[in-house]
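The primary structure of each chain is shown beneath.
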Amino acid sequence: MLSAAGDYDLLLSVENEDGRSSEQLTLRVVSRLDGEIYMADEYNVPLGRTLLLDATLWHYAAPSYLWQCGAEQSTDPVFRFTPSTEGEYSIMLTVADSDGYSLTRTLNVVCTPTEGTFRREVSAESRATATKLYEYRPAAGQFINEPQSGFAGEQTADAAVAYAQKRLEGEKYVSLGGWGGYVVVGFDHSVDNVEGYDLAIRANSYEGSSEPGVVWVMQDLNGDGLPNDGWYELRGSETGAATTLQRYSVTYYRPSADGQSVEWSDSEGATGTVDYLGSFHPQPSYYPAWIDAASYTLTGTRLEARNYDKSGNGSLWVQPSYGWGYADNFSEVDIVDKTTNLFDIANAIDTQGVSVELKYIDFVKVQTALNTKSGWIGENSTEVVDFSDYGLANRLK
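Anyway, here's the lowdown on the structure attached to this text. Not measured: the values here are computed from a predicted model.

It is worth spelling out the sheet that holds strand E29 (residues 386-389) at this point. Spatial ordering of the open sheet is given by E24-E25-E15-E29, a layout of four strands whose pairing is antiparallel. With one partner strand each, in any of the chains shown, strand E24 (335-336) and E29 form the two edges of the open sheet. Bridging between E24 and strand E25 (residues 340-343) involves two bridges; their strand directions are antiparallel. In the strand pairing of E25, Val-336 is matched with Thr-340.

Given below as structure tokens:
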């Protein structure tokens, strides 16, 4: 047991019948782990709407909050900001720990023109399906980097986006990996919030095999054509349940050698692995090859896992469906054509679970919702195949 903070030199020696090897290591003991604040640096909010700012914290005990915007201050965990005029605002968040540790983040908020200013009408050339894939950031998973899943050694984020775009255009699945992995797509027009279902997302679920993904929507509030304006989650059957975690985060760590499982840690203090299943998916690593960092963190909403071993001996795993409101979910409520889930923009909610009235949306994100694995089947990983404007698709039939 080490009783004081500092650096300690360790000598690791291994010996067997083939010989002996040793390596010098340095162990750093700290008095506490550095705190972290996970939230975006920039936000957009249209004039007349309130922006909710909150943060996911790691390594904080009994934190206190101080939000500052000019003369306005708040000590609530969530800062409700309603700008009075268009323009840029600087907001400072300071989080202090019970032991005196503090960290400060400065956020930039742009108040954009009122909702509808940049709404894009449907034209004769408009397509019902999503026309552009903007971001592909999967978690580690057995289908990531795999040639059989269409990968060809992608080494950059742009190459990964091109890979995923090509897959969707060919109506082939795109795997989002384990918990938190996501993809972002957009349309060549604004998708209106009409009566009933507005969006359709096709995947590959079937009875006994649901790998639900949480769906998020965004408006292009600043008119730049990019998904950088703030996400709203679409309410599902598990929203508000005691077992559902919002502002949940997982950090994935790059393995030190090929053929190793990918380790992770989460914001709840748990750790685990995305198991390497070389007999089925023998690519060298399940950690996205185009992510250069030694680790990366994903944040979002986590649902309670319900998968179980029906056989009792590990041979038959069941991944039950959830009520409604999730992609890649064999729901009895919102599924059509066996593999397509339908979604209503009217179910948009803010980070506190309060309904938000959106007249239209421009971008959609799907994110793997479960952090679990099913034995030899491997980790739960949402797959998507197609995104469409459900109302327009019906009108074009």
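Once that is clear, we can look at the nonpolar core. If you look at the biggest cluster of nonpolar residues, it comprises 51 residues, and the most contacted ones within it are Tyr-136, Leu-199, Ile-201, Tyr-252, Val-364 and Phe-387. The dominant element in this core, judged by the number of residues it contributes, is strand E14 (residues 182-192), at six residues. The next biggest cluster of nonpolar side chains, apart from the first, holds 21 residues, and it includes Met-39, Tyr-60, Phe-81 and Val-109.

Tracing the chain through its elements places Asp-229 in the loop between strand E16 (213-218) and strand E17 (232-234). Counting along the chain gives 134 residues from Asp-229 to Phe-363, while the straight-line C-alpha distance between them is 9.9 Å. Excluding its chain neighbours within four sequence positions, the residues that come into contact with Asp-229 are Asn-44, Met-218, Gln-219, Asp-220, Leu-221, Asn-222 and Asp-224. Polar contacts involving the side chain of Asp-229 include one to the main-chain amide nitrogen of Leu-221, which spans 3.4 Å. Within the structure, Asp-229 has its side chain in polar contact with the backbone nitrogen of Asn-222 (distance 3.2 Å).

Let's shift gears to the packing of aromatic side chains. Overall, the coordinates contain 15 aromatic pairs when judged by the stated rule. Where Tyr-287 meets Tyr-296, the ring centres are 5.4 Å apart and the plane angle is 85°; that geometry is what we call edge-to-face. The interplanar angle of 75° and the centroid separation of 6.5 Å between the aromatic rings of Tyr-322 and Tyr-326 together place this pair among those described as edge-to-face. Among the aromatic residues, those joined into a cluster by ring pairs are Trp-67, Phe-79, Phe-81 and Tyr-89. Sitting above the plane of the Tyr-173 ring, Arg-167 keeps its charged end 4.8 Å from the centroid. Directly above the ring of Tyr-182 sits Lys-365, whose terminal nitrogen or CZ lies 5.1 Å from the centroid.

Looking now at the pairing of E25. What you see with E25 is no split at all: Thr-340 and Leu-342 on one side and Asn-341 and Phe-343 on the other are buried throughout. For strand E15 (residues 199-202) and E25, the ladder comprises four bridges, and the chain directions are antiparallel. Residue pairing for E25: Ile-201 is matched across the bridge by Asn-341. Taking the residues that link successive antiparallel strands as the turn, the E24-E25 hairpin has three residues, and the phi of Asp-337 there is positive, at about 55°.

We now examine the sheet that holds strand E19 (residues 262-266). Strand order in this open sheet of four strands is E20-E19-E18-E21, and the pairing throughout is antiparallel. One side of each edge strand has no neighbouring strand; the edge strands of this open sheet are strand E20 (271-274) and strand E21 (295-302). Within the sheet, the average angular offset between the axes of one strand and its neighbour, ignoring direction, is 30°. With four bridges joining them, E19 and E20 adopt antiparallel strand pairing. Paired with Ser-265 across the two strands is Thr-271, which belongs to E20.

Turning next to helix H1 (residues 157-169). Between its terminal C-alpha atoms H1 stretches 18 Å, which fits the 18 Å expected from 13 residues at 1.5 Å a residue. Of the surrounding elements, those touching the buried residues of H1 are strand E12 (132-137), strand E13 (174-175), E14, strand E28 (383-384) and E29. Remark: Glu-171 follows H1 within two positions and exhibits a positive phi of approximately 55°.

Here Asn-380 is to be found in the loop between strand E27 (360-368) and E28. The buried category is assigned to Asn-380, whose relative accessible area is 2%. What Asn-380 contacts, discounting residues up to four positions off in sequence, is Gly-177, Gly-178, Trp-179, Ser-210, Glu-211, Pro-212, Thr-368, Leu-370, Thr-372 and Lys-373.

Moving on, we get to the pattern of salt bridges. Opposite charge on two side chains permits them to pair, given that their charged atoms come into close proximity. Going through the model one piece at a time under the given rule, you end up with nine salt bridges. Among the ionic pairs, Arg-119 bridges to Glu-121, the shortest N-O distance being 2.5 Å. Note on Arg-119: relative accessible area 27%, which makes it partly exposed. Using a relative accessible area of 56% as the deciding quantity, one classes Glu-121 as exposed. In this structure, the salt-bridge partner of Arg-119 is Asp-192, at a minimum N-O distance of 2.7 Å. On the criterion of sequence distance, the pair formed by Arg-119 in the loop between strand E11 (102-112) and E12 and Asp-192 in strand E14 is long-range, its members being 73 residues apart. Among the charged side chains, a network of salt bridges with common partners joins Arg-119, Glu-121 and Asp-192.

Even without being glycine, Asn-145 reaches a positive phi, approximately 70°. By secondary structure assignment, the location of Asn-145 is in the loop between E12 and H1. The backbone of Glu-171 shows a phi angle near 55°, a positive value even though the residue is not glycine. Tracing the chain through its elements places Glu-171 in the loop between H1 and E13.

The next subject is a nonpolar patch on the surface. The grouping of Tyr-197, Trp-324 and Val-333 at the surface amounts to a nonpolar patch, some 260 Å² of accessible area in total. Tracing the chain through its elements places Tyr-197 in the loop between E14 and E15. Look at Tyr-197 and you get partly exposed, because its relative accessible area is 33%.

What counts and what doesn't
Residues numbered from 1 in each chain as written. Predicted model: local features only at pLDDT ≥ 70, side-chain atom pairs only at ≥ 80, totals over all residues. Heavy atoms only, no water. Pairing = 2+ DSSP bridges. Helix = DSSP H or I, 4+ residues; strand = E, 2+ residues; numbered from the N terminus. Core = buried A, V, L, I, M, F, W, Y, C linked by side-chain atoms within 4.5 Å. Buried < 20%, exposed > 50% of the residue type's maximum accessible area, 1.4 Å probe, protein only. Contact = heavy atoms within 4.5 Å. Polar contact = N/O pair within 3.5 Å; in protein donor to acceptor, adjacent residues only side chain to side chain. Phe/Tyr/Trp six-rings, centres within 6.5 Å; stacked < 30°, edge-to-face > 60°. Lys NZ or Arg CZ within 6 Å of the ring centre and 35° of its normal. Axes fitted to C-alpha atoms, helices over the stretch in contact; angles between N-to-C directions. Expected span 1.5 Å × (residues − 1). Salt bridge = Lys/Arg side-chain N within 4 Å of Asp/Glu carboxyl O. Patch = residues over 30% accessible without salt bridge, like charges linked within 9 Å, V, L, I, M, F, W, Y side chains within 5 Å. Areas by Shrake-Rupley, 256 points an atom, 1.4 Å probe, with all protein chains shown as cover.

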